Amino acid sequence: MPHRSRLSFTRLLIASLALLFVAGLGQSYAARYNVGSQNTTYADPYVPRPGTKPCVVTLFSNVAFDNFNPYNFNYTPPSDCTGPWQKVVFAADISVTKGIQYDRTANFWIGGANIYFGTTAEPSPQHGPYWHVESDLTDYSPLFTAAQNGQADIGNLVNDQYTGVIYASAKLFFYPIDSKLPAPKPFNVVLPMSAGPDGGTVTISPTNPQLAQTFTLPTNITGAYLDVYAQSQGSNDEFWYTCVPNNLTSELESCGNTAFREGEVTIDGQPAGVSPIYPWIFTGGIDPFLWFPLPGVQTLNFTPYRVNLTPFVGLLSNGQPHTVALSVFNAEDFSATATLLLNTDPNVSQVTGWITKNNLHANPSPKTTADIKNSNGDVTGTVSITSQRTFTIAGYAVTSAGMVTTKVNQSVNFSNQQGFIINNNEYMQSISQATDITSTTTQVAGGVTTKTFQQSSYPLVISITDLFNSNGTVNQITTAQQENYSNGNVQVGAHQVSAYTRDNVVSPTDNLLLTGQFQIISNSDQSSSQHYVYFDSTGKCYDLALAAANNKLTSFTYNCDNY
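This one's a predicted model, so the numbers in the text were calculated from it and none came from an experiment. (Residues numbered from 1 in each chain as written. Predicted model: local features only at pLDDT ≥ 70, side-chain atom pairs only at ≥ 80, totals over all residues. Heavy atoms only, no water.)

## Regarding the sheet that holds strand S7 (residues 148-153)
We count it as follows: For two strands to pair, DSSP has to find at least two bridges joining them. Strands here mean DSSP runs of E at least two residues long; helices mean DSSP runs of H or I at least four residues long; both are numbered from the N terminus. Axes here mean lines fitted to C-alpha atoms, for a helix over just the part in contact, with angles spanning 0 to 180 degrees between N-to-C directions.
Across the sheet, four strands lie side by side as S2-S7-S4-S5; this open sheet has antiparallel pairing. Sheet topology places strand S2 (71-75) and strand S5 (113-119) at the edges, where each strand pairs with a single neighbour. Neighbouring strand axes in the sheet, compared pairwise and without regard to direction, differ in orientation by 15 degrees on average. Direction of pairing for S2 relative to S7: antiparallel, over a ladder of five bridges. Bridging from a neighbouring strand, Phe73 pairs with Gly150 of S7.

## Side note on the packing of aromatic side chains
Which entries qualify depends on this criterion: Centres within 6.5 Å are what make two rings of Phe, Tyr or Trp a pair, Trp counting through its six-membered ring; a difference in plane orientation under 30 degrees is then read as stacked, over 60 as edge-to-face, and the rest as tilted. For the exposure calls, accessible area comes from a 1.4 Å probe over protein chains only, and a residue counts as buried if that area is under 20% of its type's maximum, exposed if over 50%, partly exposed in between.
As enumerated under the stated definition, the model contains 29 aromatic pairs in all. Where Trp280 meets Phe302, the ring centres are 3.8 Å apart and the plane angle is 5 degrees; that geometry is what we call stacked. Here Trp280, found in the loop between strand S14 (270-276) and strand S15 (305-308), pairs with Phe302, found in the loop between S14 and S15; they are 22 residues apart in sequence, far enough to count as distant. Given the relative accessible area of 6%, Trp280 is considered buried.

## Some words on the state of the cysteines
Operational definition: Working definition: a disulfide is two cysteine sulfur atoms within 2.5 Å of each other.
Counting across every chain of the model gives three disulfides. Note on cysteine connectivity: Cys243 is disulfide-linked to Cys255, with sulfurs 2.0 Å apart. Here the disulfide of Cys243 and Cys255 is left-handed, its torsion about the S-S bond being about -100 degrees. Pair noted here: Cys243 is in the loop between helix H3 (234-237) and helix H4 (249-252) and Cys255 is in the loop between H4 and strand S13 (262-267), with a separation of 12 residues, a long-range link. Cys255 matches Cys243 in its accessibility class, with the two residues each being buried. By sequence order of its bonded cysteines, the chain has the disulfide arrangement 1-2, 3-4, 5-6.

## Some remarks on the side chain of Thr283
Heads up, the condition is: In protein, a polar contact requires one atom able to donate a hydrogen and another able to accept it; more generally it is a pair of N or O atoms within 3.5 Å, and residues adjacent in sequence count only if both atoms are side-chain atoms. The contact definition used throughout considers only heavy atoms, calling two residues in contact when any of these lie within 4.5 Å.
Relative to the helices and strands, Thr283 is located in the loop between S14 and S15. There is a polar contact of 2.9 Å between the side chain of Thr283 and the backbone oxygen of Thr120. Here the side chain of Thr283 touches Glu122 through a polar contact of 3.3 Å, landing on its backbone nitrogen. Setting aside anything within four residues of it in sequence, one finds Thr283 in contact with Asp103, Thr120, Ala121, Glu122, Pro288, Trp291, Pro295 and Thr299.

## Brief notes about unusual backbone geometry
A cis amide bond links Gly83 to the next residue, Pro84, at an omega of 5 degrees. Within the secondary structure, Pro84 sits in the loop between S2 and strand S3 (85-96). Residue Pro293 follows Phe292 across a cis peptide bond; omega there is -5 degrees. Residue position: Pro293 is located in the loop between S14 and S15. Phi angles above zero are rare outside glycine, and Glu253 is one such case at about 55 degrees.

## Some thoughts on the sheet that holds S13
As summarised here, the arrangement of the four strands in space is S11-S16-S13-S14, forming an open sheet in which the pairing is antiparallel. Looking at the sheet topology across the chains shown, the edges are occupied by strand S11 (211-215) and S14. Ignoring which end each strand starts from, the neighbouring axes of this sheet average 20 degrees apart. Pairing analysis gives six bridges linking S13 to S14, with the strands arranged antiparallel. The residue bridging Ile267 from the neighbouring strand is Gln270, located in S14.

## Observations concerning the nonpolar core
Formally: Each nonpolar core is a collection of buried residues, namely Ala, Val, Leu, Ile, Met, Phe, Trp, Tyr and Cys, held together in the definition by side-chain atoms within 4.5 Å.
Membership of the largest hydrophobic core comes to 66 residues, with the highest contact counts inside it found for Leu226, Leu309, Phe312 and Ile462. Examining the composition of this core, we find that six residues originate from one element, strand S12 (residues 221-232), more than from any other. In this view, Leu226 contacts Met193, Val265, Tyr305, Arg306, Val307, Leu309, Val324, Ala338, Thr339 and Leu340; residues no more than four positions away in its chain are not counted. Counting residues in hydrophobic clusters, the runner-up holds 40 residues, among them Leu59, Ile115, Phe174 and Leu341.

## Brief notes about the environment of Leu315
Considering the arrangement of structural elements, one finds Leu315 in helix H5 (residues 313-316). Note: C-alpha distance between Leu315 and Ile267 (48 residues apart in sequence) is 9.7 Å. Setting aside its immediate chain neighbours within four residues, Leu315 contacts Ile267, Asp268, Gln270, His322, Gly353 and Trp354.

## Some points on the pattern of salt bridges
The condition that has to hold: The term salt bridge refers to a pairing of a side-chain nitrogen on Lys or Arg with a carboxyl oxygen on Asp or Glu at a separation within 4 Å.
Under the counting rule described, the total for this entry stands at eight salt bridges. Between Arg49 and Glu134 there is a salt bridge, and its shortest N-O distance comes to 2.9 Å. You can see Arg49 sitting in the loop between helix H2 (25-32) and strand S1 (55-65) and its partner Glu134 sitting in strand S6 (residues 130-136), a full 85 residues away along the chain. Note on Glu134: relative accessible area 13%, which makes it buried. For Asp237, the salt bridge is made with Arg261, and the minimal N-O distance between the two is 3.0 Å. Note that Asp237 is positioned in helix H3 and Arg261 in the loop between H4 and S13, a separation of 24 residues in sequence. With relative accessibility at 0%, the residue Asp237 sits in the buried group. Linked through salt bridges whose partners overlap, the residues forming this network are Asp139, Asp227 and Arg306.

## Looking at the environment of Thr52
Here Thr52 is to be found in the loop between H2 and S1. Along the chain, Thr52 and Val35 lie 17 residues apart, while their C-alpha atoms are 33 Å from each other. What Thr52 contacts, discounting residues up to four positions off in sequence, is Tyr175, Pro176, Ile177 and Asp178. At 2.8 Å, the side chain of Thr52 and the backbone oxygen of Pro176 are in polar contact.

Below, the structure is given as structure tokens:
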């Protein structure tokens, strides 16, 4: 892939910086990573904190989730840190007791807005995992200025068969302004799109094809963005990247609607943006032992996809109600929520403007090819689906600073190729999927041009082979590699003012022994690794690698941590 050469350069640069930051890190990492432990862990960095002393608000503590009833709590802003804040950090500690339990979806809300979305680790009869998650919520600062209702939802079935009880605690850390750091720039308005005033996801399906919310917005909007979560659910969509065309589902023993899903954003029915779907794999996915003790990319803590709606600010500021909606192409069962984030102009009561170009089509036009041969029940062949989207959305707004033009150029390219071998002795399915997104936003204000470039890639490679043994058992051999890569830069006039590169790769393999009814007997030859790399033009860097074997952590290796 094109970014490999850049990533190699990244690692060379980080290696050259490593000696600056290695001293003194061993003890802190040793506290976080316990070699020999089977406890759930990951290489992702925690949120960097300012030097100021935070005010801490406990949202809830040690709450048991053993049913499908959400836990309600009350949020009150910190009286000793009234804002503005340098940073707002969400942190949660979650655990599952020893036993048998599925992975469960977890989401937390304040004022109906989502502040955390993820899934849980699966326990075993011998081990109850526990883990810590963090995220930076500084952008959402206006949400935390008033007392509001909160809700925590980790729906969980506990009975004689599924015995794992989930416990969770969550806090918000409010850091006063640090004069040594650049001033934060949170959004001015935060508007939730959820199931109700206390939150909740909305199921997107053929019978309910949209998550939609109608707003009467401020009349002085200068920037608009939509943070989107779209989580695959259900038997047909949880493993959507393995699916095939509907006419081949029986022959290939797979789910339907093809292996392509895509989020579509509209404003008043007009196409407004695309939200690519990340192939999150939950800890029970494909083979639970693949993810012991290292879960997949973002499995425990999803990152939303941010859609830039700024070209529409002139329209959104006209004082009329506007409906923002999210749908998912080909969806049977997706769990969705979103948050609308607005910047406003404090020096004017009315922003005017309009859309000058929008060639985004309402729906993608994926192309499917299949070459399947069936000889007396022995099936071999390939199936592929591709989608290519290139579009421009541009608009202008008249603000207190004069006319501001914004143009978003984006391409979203998707491909999924699958190979099959199906006979009495084996079932083999190989998957090679790629989602590549390139975005350039050009904004001209006061004669100054600012260009923001971002490139993201979501490669996913999986091979699953079921070998049917003569004694009636089945060996399922699985290898996978899941990645989330991005790089970007900001250029003002002729000068680049910032740049970054981030890469997160998880690579597991396992040999699962099953009964003829596909019940787990044991596993062997398990190993996994994760490598998380980040660096930017300010000199910040982070390079941490984890390795595991036989369901236990075997090593951690850091090259630098100035994050």
